Amino acid sequence: MIDQVKKRFKTFEAGLNGAGEGKWHQQRLEALNAFMTSGLPGAKDEEYRYTQMGRMLKKNFDFSLVTELPERNYSKTQRDFHDAEAYHLYITNGVVDFDLSDEVEDKGFVIAPLKKAVKSHANEVHAVLGNYAHASSDAFAALNMAFSLHGFFIKVPKNTSLKKPVIIHHTASTGPA
């Protein structure tokens, strides 16, 4: 599996179109190296001692990138909820749907695609990116950081009260994604 990850990362890196530079990409490379060094956790790793990695690794993983979102087919209950007066962020199968999601910048409050925020709020993004899930101590955090591409940057200044809530709609689909 390690060889598959390394091969997939080379393909991923080739498709970054200019995003393969700078601090964010350096963090990706460090995370990939951390994963290559530590590998997947085993029974001796406390957090994963009851997780049978061997059974999971027997599966044939598809490391291709997700390129399209599945058809949006929300039930009536979901649609009513989606109409709530709020800032809405949509993620389906791990892919951010920027067409449906709100983008906001008002009095220091920011919701922006991560790719955009890395440029417009570089210092603030890099102050937090990769600082909470440590790639050096968790293989899955390392994989997540190594292949990071999409996401949201949300900034709420201290002592700020938002006019409406932020709702993150995180869904999984069995359809094509």
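Structural notes, computed from the coordinates. Small disclaimer: the values here were computed from a predicted structure and weren't measured.

Let's shift gears to helix α7 (residues 139-146). Buried residues dominate α7, accounting for six of its eight residues. Buried residues along α7 sit against α1 (2-14) and α2 (22-38). If you check the start of α7, you find a side-chain oxygen 2.9 Å away from the backbone N of F140, and it comes from D138.

Right, let's get into the packing of α2 against α7. The geometry of α2 relative to α7 is characterised by a closest axis approach of 8 Å and an angle of 145° between their N-to-C directions. The interaxial crossing formed by α2 with α7 has left-handed handedness. Each of W24, Q27, R28, A31, L32 and F35 in α2 lies in contact with α7, whose residues at this interface are A139, A142, L143, M145 and A146. Taken together, the residues of the contact of α2 with α7 break down into nine nonpolar, one polar and one charged.

As enumerated under the stated definition, the model contains four salt bridges in all. Between E46 and R49 there is a salt bridge, and its shortest N-O distance comes to 3.4 Å. According to the relative accessible area criterion, E46 is exposed, its value standing at 52%. One salt bridge in this structure joins E124 and K155, with 2.6 Å as the shortest N-O distance. Linking E124 in helix α6 (residues 122-128) with K155 in strand β5 (residues 152-155), this pair joins segments that are 31 residues apart in sequence.

Along the chain, the position of G151 falls in the loop between α7 and β5. Each C-alpha atom of the pair G151 and D97 lies 9.5 Å from the other, and the pair is 54 residues apart in sequence. Not counting residues within four places of it along the chain, the set of residues in contact with G151 comprises V96, F98, A112, P113 and L114.

If you walk through the whole model with that rule in mind, you get six aromatic pairs. Between F9 and F147, the aromatic rings sit 5.7 Å apart at their centres with planes inclined by 80°, giving edge-to-face as the arrangement. Of this pair, F9 sits in helix α1 while F147 sits in the loop between α7 and β5, placing them 138 residues apart in sequence. Among the aromatic residues, those joined into a cluster by ring pairs are F9, F12 and F147. For the cation-ring pair, R28 lies above W24, with the distance from its terminal atom to the ring centre recorded as 4.4 Å. Residue placement shows K164 over the ring face of Y87; its charged tip is 4.7 Å from the ring centre.

Locating D138 in the fold gives a position in the loop between α6 and α7. For D138, which is buried and forms no salt bridge, the nearest opposite charge comes from R49, at a distance of 14 Å. Side-chain polar atoms of D138 contact the side chain of Y48, separated by 2.6 Å. Here F140 takes part through its backbone nitrogen, which lies 2.9 Å from a polar atom of the side chain of D138.

Basis of the calculations
As a convention, each chain's residues are numbered from 1 in the sequence order in which they are written. Side-chain atom pairs in this predicted model are given and counted only at pLDDT of 80 or more, local residue features only at pLDDT of at least 70, and totals for whole chains, interfaces and linings cover all residues. Computation of side-chain values: all heavy atoms of the structure, hydrogens and water removed. Burial classes: relative accessible area under 20% of the type maximum marks a residue as buried, over 50% as exposed, and values in between as partly exposed (1.4 Å probe, protein chains only). By the criteria applied, helices consist of DSSP H or I runs no shorter than four residues and strands consist of E runs no shorter than two, each listed in order from the N terminus. In what follows, a contact means two residues having at least one pair of non-hydrogen atoms within 4.5 Å. Whenever two N or O atoms come within 3.5 Å, that pair is a polar contact, provided that in protein one can donate a hydrogen and the other can accept it, and provided that, for residues adjacent in sequence, both atoms are side-chain atoms. Where helices are involved, their axes are fitted lines through C-alpha atoms of the stretch in contact, as for all axes, and angles between N-to-C directions lie from 0 to 180°. It is the rotation of the near helix from the far one that decides the hand of a crossing: anticlockwise by less than a right angle makes it left-handed, clockwise makes it right-handed. The classification used treats Ala, Val, Leu, Ile, Met, Phe, Trp, Tyr, Cys and Pro as nonpolar, Asp, Glu, Lys and Arg as charged, and all other residues, Gly among them, as polar. Here, a salt bridge means any side-chain nitrogen of Lys or Arg that lies within 4 Å of a carboxyl oxygen of Asp or Glu. Side-chain rings of Phe, Tyr and Trp, where Trp is taken by its six-membered ring, are said to pair if the distance between their centres is within 6.5 Å; with planes under 30 degrees apart they count as stacked, over 60 as edge-to-face, and otherwise as tilted. As a reminder, the over-ring test applies to NZ of lysine and CZ of arginine, requiring each to be within 6 Å of the ring centre and within 35 degrees of the ring normal. In this tally, Lys and Arg are treated as positive and Asp and Glu as negative; His is ignored, and so are the chain termini.

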